[in-house]
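Secondary and tertiary structure notes
Listed below are the residues making up each chain.
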Amino acid sequence: MAEHPDREKQTYDTVDDYIAAATYEIEPRLQEMRSVIRAALPDAEEIITHNIPSYRQHGVVVVQFAGHDEHTSLSFFPAGAVRARFDAELQPYRIVKSSVRFPLDQPLPVGLIADIARFRLAEAQEFAARRRSGH
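Quantities reported herein were computed from a predicted structural model and do not represent experimental measurements. (Residues numbered from 1 in each chain as written. Predicted model: local features only at pLDDT ≥ 70, side-chain atom pairs only at ≥ 80, totals over all residues. Heavy atoms only, no water.)

1. Thoughts on the confidence of the model for the chain
So the rule is basically this: Predictor confidence is given residue by residue as pLDDT, running from a minimum of 0 to a maximum of 100. Working definition: helices are DSSP H or I runs of at least four residues, strands are E runs of at least two. Numbering for both runs from the N terminus. Working rule for contacts: check all heavy atoms of both residues, and any pair within 4.5 Å makes them a contact.
A residue-level look at the chain finds 93% of positions with pLDDT of 70 or above and a mean pLDDT of 91. Across the chain, the secondary-structure element scoring lowest on mean pLDDT is helix α5 (residues 110-133), at 92, and the one scoring highest is helix α2 (residues 27-40), at 98. Here residues 1-7 scores under 50 on pLDDT; set against residues more than four positions off or in separate chains, the count is 22 contacts.

Here you go:
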């Protein structure tokens with residue numbers, strides 16, 4: 001997405017704005033990621049945080065996605081439990097901090113994306129319950 005000359009200067013108010021600014025090659029992948037995440041998290045609020053699409057539920061950002069020159073990415077924080085639970089499934093992909101990168105020359109692993117989103121939702125629910133109970 002950095003091919004777009006103004007990409008780094010732009011700020012986005014909505015996920016539609018973010019996807020509309022994507023290059024021709026990346027836009028369909030972003031639409032696909034959005035659809036998969038929305039299906040996995042039907043009650044999540046779709047927002048922009050850190051200038052990328054994010055999905056918040058129970059007061060917690062569950063997952064985020066982004067488009068880049070050579071990959072699309074799915075981000076999740078904290079990453080430790082996701083990385084431990086999905087270690088085998090994540091092996092084919094490069095992981096940087098709390099993001100997994102999906103190369104543009106490979107199909108998106110839609111099942112894995114949905115599974116991670118649902119796993120993170122369970123984490124968010126547990127976190128919110130602990131916060132409500134004061135623990």
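Now that the structure is up, let's keep going.
2. Regarding the side chain of S73
The condition that has to hold: Burial classes follow relative accessibility: with a 1.4 Å probe on protein chains only, a residue under 20% of its type's maximum area counts as buried, one over 50% as exposed, and anything between as partly exposed. Each polar contact in these results corresponds to two N or O atoms within 3.5 Å; when the atoms are within protein, one needs to be able to donate a hydrogen and the other to accept it, and residues that are neighboring in sequence are counted only if both atoms are side-chain atoms.
Along the chain, the position of S73 falls in strand β4 (residues 71-75). You can call S73 buried: its relative accessible area is 4%. A distance of 3.4 Å separates a polar atom in the side chain of S73 from a polar atom in the side chain of H68. With sequence-adjacent residues up to four places away left out, S73 is seen in contact with M33, Q64, F65, A66, H68, V100 and R101.

3. Looking at unusual backbone geometry
Along the chain, F77 connects to P78 via a cis peptide bond; the corresponding omega equals 5°. Take P78: it is sitting in the loop between β4 and α3 (80-85). With phi around 65°, N51 is a residue other than glycine that occupies positive phi space. Among the secondary structure elements, N51 is positioned in the loop between β1 (45-49) and β2 (52-57).

4. Focus on the packing of aromatic side chains
As a reminder, the rule being used: Aromatic rings from Phe, Tyr and Trp, taking only the six-membered ring of Trp, are treated as a pair when their centres fall within 6.5 Å; an angle between ring planes under 30 degrees marks them as stacked, one over 60 as edge-to-face, and anything in between as tilted.
The final tally for this structure, using the stated rule, is 4 aromatic pairs. Relative to Y18, the ring of Y12 has its centre 5.2 Å away and its plane inclined at 75°; by these criteria the two rings are edge-to-face. The buried category is assigned to Y12, whose relative accessible area is 7%. Taking the centre distance of 6.2 Å and the plane angle of 20° together, the rings of Y55 and F65 count as stacked. Taken together, the positions of Y55 in strand β2 and F65 in strand β3 (residues 60-67) put the pair 10 residues apart, joining distant regions of the chain.

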